[in-house]
Structures are given as structure tokens and as C-alpha cells.
Amino acid sequence: MSNTQQGPAARQAAMAELVLADGSATAAELAERFGVSLMTIHRDLDELERQGIVRKFRGGVTAQPSGVFESNVQYRLKTMRAEKAAVAAHAMKSIEPGMAIMLDDSTSALEIARRLRLGEVTPLTVVTNFLEAINLLSDQRGIHLMALGGDYDPLHSSFLGVSCVEAAQSLRVDVCFASTSAVHGGYAYHQEQHIVSVKRAMLDSAARNVLLIDHTKLARVALHRVAPLSRFDLLLVDDGASAEALRDLDEHKVRYEVVMSSTPMGDAPR
């Protein structure tokens with residue numbers, strides 16, 4: 001079926017796939033691509049924005065995050081995969097059989113769940129509010145999976161809200177692996193307040209906290225402070241981090257390790 005023959009639902013699905021892959025597009029580009037009017041495109045984009053898949057801006061649409069909005073989980077799953085996988089592989093060094101660990105709803109922590117599926121570290125208790133991680137580990141032998149309930153948020157594919165915060169507060173785990181949208185000036189930041197409250201509860205429930213980030217999150221800020229970087233025992237970042245961003249970590253006496261993502265795995269402890 002050609003683009004001009006597609007119905008609204010099929011056209012919107014194709015449009016979402018395109019924007020999630022490219023990151024952004026103008027309304028004029030989409031109108032030409034799909035052979036429909038600008039008015040039709042704007043109606044389609046209104047629906048995709050209502051679903052939380054994209055955000056409209058003057059003359060176009062984007063799936064990329066801003067200081068106020070986090071991007072849809074489907075977009076985050078596609079970005080910086082190699083860097084996130086390298087950081088997660090290094091984070092596995094902090095996990096030992098018999099531990100209870102917590103994973104937040106970040107795609108960086110999801111890479112740890114992917115590695116846990118290999119079954120190399122068992123027995124293990126894994127606590128998470130991320131539906132993507134729950135689905136990955138639900139049938140994994142040797143892993144006792146505990147799901148943090150709450151209000152399901154399709155934008156993040158996770159469970160949030162007061163019930164989730166209270167569930168996290170009732171537990172005590174060995175290590176919490178978390179990520180965030182931005183790191184700058186000695187603080188971790190996130191765009192959305194209801195995400196922040198859950199992350200804080202997770203950090204409070206752990207004996208040790210590890211922050212997983214890809215280099216694009218350094219030297220950025222978002223609307224809400226999650227926690228000072230001193231709340232984390234270790235920050236792991238890939239080797240795409242700039243010297244200036246690493247100097248900022250040094251100035252705030254953050255303990256971090258740079259994980260090689262483009263060369264054989266290694267790290268530079270600080």
C-alpha cells in the first residue's frame with residue numbers, strides 16, 4: 001500500500017516510526033512524504049502528541065527530549081545503544097550472586113536486565129518498576145523478580161505514583177542501578193516530577209547506588225533536581241564524554257569510571 005492509500009491509523013504509525021528513527025521532522029516534509037495536506041498532517045501529529053509519542057513545535061515535531069519533556073521510551077530504546085550496553089557490561093562487575101538489586105525505568109538499566117538474561121549471575125533478586133525489564137526477566141531461572149506496582153505510564157512503560165514510591169520505600173536492596181536525563185554542576189536532573197519521586201525512593205532503599213549515563217547527558221540540565229551526585233557511590237559513563245564534562249565531575253569530587261565503548265572494554269577510575 002502506498003503512503004497516499006494509507007488510512008489515518010496506518011499513516012500515523014508509519015509517521016511515528018519515521019520520527020522515532022530520525023528524531024524530528026517538519027510538517028512540510030511529512031506532508032510530502034505521505035502525500036496528504038498540511039492540515040491532515042497536523043491532525044495526525046496532534047494524535048501522536050496526545051499518545052505521548054512525539055512533541056509538536058512550530059513547524060514540526062520531535063521525539064527528542066528537552067529540559068522539560070522526556071522522550072518516549074521507544075525513542076530512548078533506539079538511542080546510544082552501544083554506549084548504554086558498554087556501561088551496563090561494566091556495571092555487572094558490581095553484581096554478585098545472592099544480591100538483591102534494583103533497576104529503575106531507564107533504558108540504561110534495561111541493558112543490565114539484558115545481560116542478566118544470560119544467567120551468569122544467579123541466584124539474584126531483581127526489583128524494578130520497568131515493564132520492559134519485567135518482560136525480559138519474568139521467565140529467567142535463578143532470578144527472583146519483584147515488580148514495583150503503581151500507576152502504569154505508557155510514555156515510560158513503567159509503574160509510577162504514590163504506590164510505587166511506597167513499595168520502593170518498604171524494601172532494602174544491596175545496589176540500585178539508575179539513570180537520569182541530565183548531569184551538571186554536581187547534580188542529577190530529570191524533566192518529570194513523578195519520575196523524580198520514584199528515583200529518590202529507589203536511591204533511599206539501597207545500600208549502594210550506581211548512576212549509569214551515556215555521555216550525551218553530561219553538561220545538561222532538566223527541570224527537576226533528582227539528587228546531588230554525592231548520593232551515588234559510583235557514576236559510570238562511556239568514553240564519548242568530553243574532557244570539559246569530566247572536569248566538572250572532578251571539580252565536584254564525583255567518583256566515576258569511564259567505560260570504553262568504541263574499543264575493548266576498560267575503564268579509567270577517578
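Only a predicted model underlies this, so the values are computations on that prediction, with no experimental measurement involved.

As a further point, take the overall build of the protein chain. Looking only at helices and strands, the protein chain features 10 helices and 16 strands. For 270 residues, the compact-globule estimate of 2.2 N^0.38 gives 18 Å, and the protein chain sits close to it at 20 Å. Each principal axis of the C-alpha atoms in the protein chain carries an extent, and together these give about 55 × 45 × 35 Å. Burial statistics for the protein chain: of 270 residues in total, 52% are counted as buried.

Moving on: the pattern of salt bridges. Within the structure shown, the criterion is met by 9 salt bridges. With a shortest N-O distance of 2.6 Å, Lys199 and Asp104 are connected by a salt bridge. Taken together, the residues span a long stretch of sequence, with Lys199 in helix 9 (residues 193–204) and Asp104 in the loop between strand 4 (100–103) and helix 6 (107–116) at a distance of 95 residues. Of the two residues examined, Lys199 and Asp104, each falls in the buried class.

Attention now moves to the confidence of the model for the protein chain. Here the protein chain shows a mean pLDDT of 88. Residues at 70 or above account for 90%. pLDDT under 50 marks residues 263–270. Its contacts with residues more than four places away, or in other chains, come to 19 contacts.

Moving on: the packing of helix 8 (residues 162–169) against helix 9. Look at helix 8 against helix 9: their axes get within 8 Å of each other, and the N-to-C directions meet at 10°. The pairing of helix 8 with helix 9 is recorded here as roughly parallel in orientation. Between helix 8, through Cys164, Val165, Ala168 and Gln169, and helix 9, the contact on the second element is made entirely by Ser197, Val198, Ala201 and Met202. Residues that form the contact of helix 8 with helix 9 fall into these classes: 6 nonpolar, 2 polar and no charged.

Attention now moves to the packing of aromatic side chains. Tallied over the full model, the rule gives 2 aromatic pairs. Note on Tyr152 and Phe159: the rings are 5.3 Å apart at their centroids and 55° apart in plane angle, and the pair reads as tilted. Pairing Tyr187 with Tyr189 gives two aromatic rings, centres 6.4 Å apart and planes at 55°, and the pair type is tilted. By relative accessible area, Tyr187 is classed as partly exposed at 26%. The ring of Tyr187 is capped by Arg225, whose NZ or CZ atom sits 3.7 Å from the centre of that ring.

We now examine the sheet that holds strand 2 (residues 55–57). Two pairing modes exist for strands in a sheet, parallel and antiparallel, and in both the strands are linked by backbone hydrogen bonds. An order of 1-3-2 is seen for the 3 strands of this open sheet, with the pairing classed as antiparallel. Across the chains shown, the open sheet's two edge strands, defined by having one partner strand only, are strand 1 (24–26) and strand 2. The average angle at which neighbouring strand axes cross in this sheet is 20°, direction not considered. As paired strands, strand 2 and strand 3 (residues 60–62) are joined by 3 bridges and run antiparallel to one another. By the bridge assignment, Lys56 is partnered in strand 3 with Val61. Contacting strand 2 and strand 3, helix 3 (residues 38–50) runs over the sheet at an angle of about 135° to strand 2.

With that settled, consider the state of the cysteines. Under the counting rule described, the total for this entry stands at 0 disulfides. Left unpaired, Cys176 is separated from the closest cysteine sulfur, that of Cys164, by 11 Å.

This part takes up unusual backbone geometry. Put simply, Thr122 and Pro123 share a cis peptide bond, and its omega is -5°. Looking at the secondary structure, you find Pro123 in the loop between helix 6 and strand 5 (124–128). In this structure, Ser157 is a non-glycine residue whose phi angle is positive, near 55°. Relative to the elements of secondary structure, Ser157 occurs in the loop between strand 7 (151–153) and strand 8 (158–160). Judged by its relative accessible area of 5%, Ser157 is buried.

Cut-off values and rules
- Residues numbered from 1 in each chain as written.
- Predicted model: local features only at pLDDT ≥ 70, side-chain atom pairs only at ≥ 80, totals over all residues.
- Heavy atoms only, no water.
- Helix = DSSP H or I, 4+ residues; strand = E, 2+ residues; numbered from the N terminus.
- Rg over C-alpha atoms; globule rule 2.2 N^0.38 Å.
- Buried < 20%, exposed > 50% of the residue type's maximum accessible area, 1.4 Å probe, protein only.
- Salt bridge = Lys/Arg side-chain N within 4 Å of Asp/Glu carboxyl O.
- pLDDT = per-residue confidence, 0-100.
- Contact = heavy atoms within 4.5 Å.
- Axes fitted to C-alpha atoms, helices over the stretch in contact; angles between N-to-C directions.
- Parallel < 35°, antiparallel > 145°, perpendicular 65-115°, else oblique.
- Nonpolar A, V, L, I, M, F, W, Y, C, P; charged D, E, K, R; others polar.
- Phe/Tyr/Trp six-rings, centres within 6.5 Å; stacked < 30°, edge-to-face > 60°.
- Lys NZ or Arg CZ within 6 Å of the ring centre and 35° of its normal.
- Pairing = 2+ DSSP bridges.
- Disulfide = S-S within 2.5 Å.

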